[in-house]
Amino acid sequence: MPYLTQPDTQPAVGAGELRLGVPGYAHPLLAPREWEALPSVGPGVHWAVLNVADGPGERPDPHCLEAAGRLRNAQVRVVGQLDLAGGQRSFGALLSDAHRFRDWYLVDGFYLDRCPTERAALPELRRVVGALRDLLGGGHLVTAHGIHPHPGYAEVADQLVTFSGPWHDYRWSQAPEWTAAYPPERFCHLVHGLPRGHLTQALRIARWQGAGTIWFTDRTAKESRSACWETMPGYWDAIVSQVGTGVSE
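Quantities reported herein were computed from a predicted structural model and do not represent experimental measurements.

**Some details on the packing of aromatic side chains**
Part 1: Tallied over the full model, the rule gives 13 aromatic pairs.
Part 2: On the basis of an interplanar angle of 75 degrees and a centroid distance of 6.0 Å, the ring pair of tyrosine 25 and tryptophan 215 is categorised as edge-to-face. With tyrosine 25 in the loop between β1 (19-22) and α1 (32-41) and tryptophan 215 in strand β8 (residues 213-216), this residue pair connects regions lying 190 residues apart in the sequence. You'll find tyrosine 25 and tryptophan 215 in the same group, each marked buried.
Part 3: Taken together through their ring pairs, the aromatic side chains of Tyr25, Trp35, Trp215 and Trp236 make up a single cluster.
Part 4: The residue whose ring lies beneath arginine 127 is phenylalanine 91, and the NZ or CZ to ring-centre distance is 3.8 Å.

Structure (C-alpha coordinates):
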(Lines give C-alpha, C1' and ligand atoms only; values in the text may rest on other atoms or scores of the structure.)
Protein backbone atom coordinates (compact mmCIF):
# COMPACT_ATOMS: atom_id res chain seq x y z
CA MET A 1 0.00 0.00 0.00
CA PRO A 2 1.88 3.09 -1.22
CA TYR A 3 0.22 5.53 1.16
CA LEU A 4 2.02 3.91 4.07
CA THR A 5 5.42 5.06 2.85
CA GLN A 6 4.66 8.79 3.10
CA PRO A 7 7.50 10.52 5.01
CA ASP A 8 6.93 12.89 7.93
CA THR A 9 7.47 16.30 6.30
CA GLN A 10 5.36 18.72 8.28
CA PRO A 11 6.22 22.36 7.52
CA ALA A 12 7.35 24.69 10.28
CA VAL A 13 4.78 26.68 12.23
CA GLY A 14 4.99 30.46 12.23
CA ALA A 15 5.04 32.56 15.38
CA GLY A 16 1.64 32.79 17.01
CA GLU A 17 0.11 30.04 14.89
CA LEU A 18 -1.91 27.21 16.37
CA ARG A 19 -2.36 23.65 15.17
CA LEU A 20 -4.88 21.02 16.16
CA GLY A 21 -3.92 18.02 18.26
CA VAL A 22 -6.65 15.41 17.91
CA PRO A 23 -6.73 13.37 21.15
CA GLY A 24 -8.50 10.36 19.68
CA TYR A 25 -11.59 9.97 17.53
CA ALA A 26 -13.75 6.90 17.86
CA HIS A 27 -13.04 3.92 15.57
CA PRO A 28 -13.33 4.84 11.85
CA LEU A 29 -16.47 2.71 11.53
CA LEU A 30 -18.13 4.69 14.34
CA ALA A 31 -16.82 8.11 13.33
CA PRO A 32 -16.28 8.00 9.55
CA ARG A 33 -17.06 11.71 9.02
CA GLU A 34 -14.45 12.70 11.59
CA TRP A 35 -11.65 10.65 10.07
CA GLU A 36 -12.52 11.77 6.55
CA ALA A 37 -12.46 15.46 7.54
CA LEU A 38 -8.95 15.55 9.00
CA PRO A 39 -6.91 15.11 5.79
CA SER A 40 -8.53 18.23 4.30
CA VAL A 41 -7.02 20.31 7.12
CA GLY A 42 -3.60 18.88 6.25
CA PRO A 43 -0.65 20.50 8.08
CA GLY A 44 -3.13 22.42 10.25
CA VAL A 45 -3.39 19.18 12.23
CA HIS A 46 -0.20 18.80 14.26
CA TRP A 47 -0.95 15.19 15.14
CA ALA A 48 -3.85 12.78 15.51
CA VAL A 49 -4.01 9.99 18.07
CA LEU A 50 -4.72 6.47 16.84
CA ASN A 51 -6.35 4.36 19.55
CA VAL A 52 -7.58 1.09 18.07
CA ALA A 53 -8.74 -0.69 21.24
CA ASP A 54 -7.22 0.99 24.28
CA GLY A 55 -3.96 0.65 22.41
CA PRO A 56 -3.04 -1.14 19.15
CA GLY A 57 -5.49 -4.01 19.60
CA GLU A 58 -4.78 -7.71 19.24
CA ARG A 59 -4.48 -7.77 15.44
CA PRO A 60 -4.17 -5.25 12.58
CA ASP A 61 -7.41 -3.39 11.87
CA PRO A 62 -7.83 -2.62 8.14
CA HIS A 63 -10.14 0.34 8.81
CA CYS A 64 -7.61 1.98 11.13
CA LEU A 65 -4.83 1.18 8.69
CA GLU A 66 -6.66 2.97 5.90
CA ALA A 67 -7.54 5.97 8.09
CA ALA A 68 -3.95 6.33 9.27
CA GLY A 69 -2.67 6.10 5.71
CA ARG A 70 -4.94 8.92 4.51
CA LEU A 71 -3.69 11.16 7.31
CA ARG A 72 -0.04 10.49 6.63
CA ASN A 73 -0.58 11.22 2.92
CA ALA A 74 -1.95 14.61 4.02
CA GLN A 75 1.23 15.28 6.07
CA VAL A 76 -0.55 14.69 9.37
CA ARG A 77 1.41 12.85 12.05
CA VAL A 78 -0.28 9.73 13.37
CA VAL A 79 0.70 8.91 16.96
CA GLY A 80 -0.23 5.68 18.67
CA GLN A 81 -1.81 5.86 22.12
CA LEU A 82 0.10 4.21 24.94
CA ASP A 83 -1.62 4.28 28.33
CA LEU A 84 0.94 4.77 31.10
CA ALA A 85 -1.77 4.51 33.79
CA GLY A 86 -0.05 7.12 35.91
CA GLY A 87 3.25 5.26 35.67
CA GLN A 88 1.80 1.90 36.73
CA ARG A 89 2.12 -0.02 33.44
CA SER A 90 5.22 -2.11 33.01
CA PHE A 91 8.03 -1.20 30.63
CA GLY A 92 7.55 -4.50 28.78
CA ALA A 93 3.82 -3.97 28.23
CA LEU A 94 4.38 -0.47 26.86
CA LEU A 95 7.08 -1.60 24.47
CA SER A 96 4.94 -4.52 23.28
CA ASP A 97 2.14 -2.10 22.36
CA ALA A 98 4.63 0.26 20.74
CA HIS A 99 6.04 -2.49 18.52
CA ARG A 100 2.55 -3.40 17.30
CA PHE A 101 1.72 0.23 16.53
CA ARG A 102 4.93 0.56 14.53
CA ASP A 103 4.68 -2.77 12.72
CA TRP A 104 0.97 -2.58 11.87
CA TYR A 105 0.29 1.14 11.40
CA LEU A 106 3.73 2.72 10.79
CA VAL A 107 2.99 5.43 13.35
CA ASP A 108 5.04 8.61 13.38
CA GLY A 109 5.22 8.76 17.16
CA PHE A 110 3.37 8.05 20.39
CA TYR A 111 0.89 9.75 22.70
CA LEU A 112 1.73 8.74 26.26
CA ASP A 113 -1.63 9.02 27.97
CA ARG A 114 -2.09 9.37 31.74
CA CYS A 115 1.56 10.28 32.10
CA PRO A 116 2.83 10.83 35.66
CA THR A 117 3.67 14.35 36.84
CA GLU A 118 5.91 13.95 39.88
CA ARG A 119 9.70 14.26 39.89
CA ALA A 120 10.22 10.72 41.20
CA ALA A 121 8.74 9.21 38.02
CA LEU A 122 11.11 11.07 35.67
CA PRO A 123 13.87 8.40 35.42
CA GLU A 124 11.46 5.68 34.33
CA LEU A 125 9.79 7.97 31.81
CA ARG A 126 13.19 8.84 30.35
CA ARG A 127 13.80 5.10 29.98
CA VAL A 128 10.48 4.60 28.18
CA VAL A 129 10.95 7.61 25.90
CA GLY A 130 14.49 6.54 25.02
CA ALA A 131 13.27 3.07 24.04
CA LEU A 132 10.44 4.54 21.93
CA ARG A 133 12.84 6.85 20.09
CA ASP A 134 15.14 3.90 19.39
CA LEU A 135 12.18 1.91 18.10
CA LEU A 136 11.13 4.62 15.63
CA GLY A 137 14.53 6.09 14.90
CA GLY A 138 13.20 9.37 16.31
CA GLY A 139 9.49 10.07 16.09
CA HIS A 140 7.20 12.62 17.73
CA LEU A 141 6.45 11.92 21.39
CA VAL A 142 3.69 13.62 23.36
CA THR A 143 3.44 13.17 27.13
CA ALA A 144 -0.16 13.74 28.23
CA HIS A 145 -0.12 14.85 31.86
CA GLY A 146 -3.34 16.88 31.87
CA ILE A 147 -1.77 19.38 34.28
CA HIS A 148 1.59 21.11 34.49
CA PRO A 149 4.07 18.46 35.68
CA HIS A 150 7.47 18.89 37.29
CA PRO A 151 9.58 21.13 34.98
CA GLY A 152 11.98 18.27 34.29
CA TYR A 153 9.39 16.64 32.02
CA ALA A 154 9.83 19.46 29.50
CA GLU A 155 13.25 18.00 28.64
CA VAL A 156 11.96 14.47 28.00
CA ALA A 157 9.45 14.52 25.13
CA ASP A 158 8.71 16.73 22.14
CA GLN A 159 5.47 18.05 23.59
CA LEU A 160 3.52 18.05 26.85
CA VAL A 161 -0.25 18.16 27.30
CA THR A 162 -0.36 20.54 30.26
CA PHE A 163 -4.12 21.04 30.36
CA SER A 164 -6.86 18.51 29.75
CA GLY A 165 -10.23 19.30 31.24
CA PRO A 166 -13.41 21.37 31.14
CA TRP A 167 -13.81 24.96 30.02
CA HIS A 168 -14.93 26.14 33.45
CA ASP A 169 -11.46 25.20 34.76
CA TYR A 170 -9.52 26.35 31.70
CA ARG A 171 -10.90 29.89 31.73
CA TRP A 172 -9.30 30.49 35.17
CA SER A 173 -6.14 28.46 34.59
CA GLN A 174 -2.59 29.84 34.71
CA ALA A 175 0.74 28.62 33.39
CA PRO A 176 3.71 28.41 35.78
CA GLU A 177 6.69 30.67 35.12
CA TRP A 178 8.98 27.87 33.96
CA THR A 179 6.92 27.33 30.79
CA ALA A 180 8.04 30.74 29.44
CA ALA A 181 11.49 29.27 28.76
CA TYR A 182 10.07 26.98 26.05
CA PRO A 183 8.51 27.68 22.63
CA PRO A 184 4.73 27.23 22.10
CA GLU A 185 5.16 24.05 20.08
CA ARG A 186 6.23 22.36 23.33
CA PHE A 187 2.75 22.60 24.88
CA CYS A 188 -0.76 21.38 24.09
CA HIS A 189 -4.12 22.20 25.70
CA LEU A 190 -7.23 20.00 25.41
CA VAL A 191 -10.49 21.61 26.50
CA HIS A 192 -13.99 20.09 26.51
CA GLY A 193 -17.37 21.61 27.29
CA LEU A 194 -16.38 24.86 25.56
CA PRO A 195 -19.40 26.81 24.23
CA ARG A 196 -19.07 28.27 20.76
CA GLY A 197 -19.50 31.79 22.12
CA HIS A 198 -16.27 31.43 24.13
CA LEU A 199 -14.12 29.98 21.33
CA THR A 200 -12.23 33.21 20.64
CA GLN A 201 -11.58 33.70 24.36
CA ALA A 202 -10.22 30.16 24.66
CA LEU A 203 -7.90 30.70 21.69
CA ARG A 204 -6.53 33.83 23.35
CA ILE A 205 -5.94 31.95 26.60
CA ALA A 206 -3.99 29.27 24.71
CA ARG A 207 -1.75 31.92 23.15
CA TRP A 208 -1.30 33.84 26.40
CA GLN A 209 -0.25 30.64 28.14
CA GLY A 210 2.17 29.69 25.36
CA ALA A 211 0.43 26.65 23.84
CA GLY A 212 1.05 25.91 20.16
CA THR A 213 -1.32 22.94 19.82
CA ILE A 214 -4.95 22.84 20.94
CA TRP A 215 -8.16 20.84 20.76
CA PHE A 216 -11.34 22.60 21.81
CA THR A 217 -14.75 20.97 21.75
CA ASP A 218 -18.28 21.59 22.98
CA ARG A 219 -18.64 17.87 23.71
CA THR A 220 -18.63 16.86 27.37
CA ALA A 221 -17.17 14.00 29.40
CA LYS A 222 -20.45 12.87 30.97
CA GLU A 223 -20.35 9.31 29.64
CA SER A 224 -16.65 8.49 29.97
CA ARG A 225 -13.24 10.10 30.18
CA SER A 226 -12.69 9.80 26.43
CA ALA A 227 -16.23 10.36 25.10
CA CYS A 228 -15.74 14.12 24.69
CA TRP A 229 -12.87 13.57 22.24
CA GLU A 230 -14.50 10.94 20.03
CA THR A 231 -16.39 13.28 17.68
CA MET A 232 -15.88 16.68 16.08
CA PRO A 233 -16.85 19.83 17.94
CA GLY A 234 -20.12 21.35 16.76
CA TYR A 235 -18.16 24.40 15.58
CA TRP A 236 -15.66 22.42 13.49
CA ASP A 237 -15.62 24.90 10.59
CA ALA A 238 -15.09 27.83 12.96
CA ILE A 239 -12.14 26.25 14.71
CA VAL A 240 -10.53 25.06 11.48
CA SER A 241 -10.70 28.62 10.15
CA GLN A 242 -8.55 29.72 13.11
CA VAL A 243 -5.81 27.13 12.63
CA GLY A 244 -2.56 28.79 11.62
CA THR A 245 -4.02 32.27 11.99
CA GLY A 246 -3.78 34.96 14.65
CA VAL A 247 -6.64 36.14 16.83
CA SER A 248 -6.61 39.87 17.44
CA GLU A 249 -6.25 40.97 21.01
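**Considerations on helix α2 (residues 62-73)**
Part 1: Between its first and last C-alpha atoms α2 spans 16 Å; for 12 residues at 1.5 Å apiece the expected length is 16 Å, and the two agree.
Part 2: Considered for burial, the residues of α2 that qualify are Cys64, Leu65, Ala67, Ala68, Gly69, Leu71 and Arg72.
Part 3: Contacts from the buried residues of α2 go to α1, β2 (45-50), β3 (77-83) and α3 (91-105).
Part 4: N-capping of α2 is provided by aspartate 61, with a side-chain oxygen placed 2.8 Å from the backbone N of histidine 63.

**Quick word on the sheet that holds strand β6 (residues 159-166)**
Part 1: With parallel pairing, eight strands are arranged side by side around a closed barrel as β1-β2-β3-β4-β5-β6-β7-β8. Taking the axes of each pair of neighbouring strands and ignoring which way they run, one obtains an average angle of 25 degrees across the sheet.
Part 2: When β3 meets strand β4 (residues 109-113), the two strands line up parallel, connected through five bridges. Across the sheet, residue aspartate 83 finds its bridge partner in β4, namely aspartate 113.

**Some words on unusual backbone geometry**
Part 1: Look at alanine 85: it is not a glycine, yet its phi comes out positive at around 50 degrees.
Part 2: The residue leucine 106 is not glycine, and still its phi comes out positive at about 50 degrees.
Part 3: Summarising the element assignment, leucine 106 is placed in the loop between α3 and β4.

**Looking at the environment of leucine 141**
Part 1: Residue position: leucine 141 is located in strand β5 (residues 140-144).
Part 2: The contact partners of leucine 141, leaving out residues within four places of it in the chain, are Gly109, Phe110, Val129, Leu132, Arg133, Ala157, Asp158 and Gln159.

Criteria and thresholds
The residue numbering used here restarts from 1 in each chain and proceeds along that chain's sequence as written. Only residues with pLDDT of at least 70 get local features here, since the model is predicted, and only at 80 or more are side-chain atom pairs given and counted; chain-wide, interface and lining totals rely on the full set of residues. Excluded from the side-chain calculation are hydrogens and water; included are all heavy atoms of the structure. By convention, a stacked pair of Phe, Tyr or Trp rings (six-membered ring in the case of Trp) has centres within 6.5 Å and planes under 30 degrees apart, an edge-to-face pair has planes over 60 apart, and any other such pair is tilted. Secondary structure follows DSSP: runs of H or I at least 4 residues long count as helices, runs of E at least 2 residues long count as strands, and numbering of each begins at the N terminus. Each residue gets one of three labels from its accessible area relative to the maximum for its type: buried under 20%, exposed over 50%, partly exposed in between, using a 1.4 Å probe on protein chains only. Only Lys NZ and Arg CZ are tested; either one counts as a charge over a ring when it is within 6 Å of the ring centre and within 35 degrees of the ring normal. Expected helix span is computed as 1.5 Å times (number of residues minus one). Any two residues having at least one pair of non-hydrogen atoms within 4.5 Å are treated as being in contact. As used in this structure description, the phrase polar contact means that two N or O atoms lie within 3.5 Å; if the pair is within protein, one of them must be able to donate a hydrogen and the other to accept it, and residues adjacent in sequence are counted only when both atoms belong to side chains. Two strands make a pair as long as DSSP finds a minimum of two bridges between them. For every element, the axis is a line fit to its C-alpha atoms; helices are fit only across the contacting stretch, and the angle between N-to-C directions ranges from 0 to 180 degrees.

Don't take any of this as a statement about function, it's just geometry.
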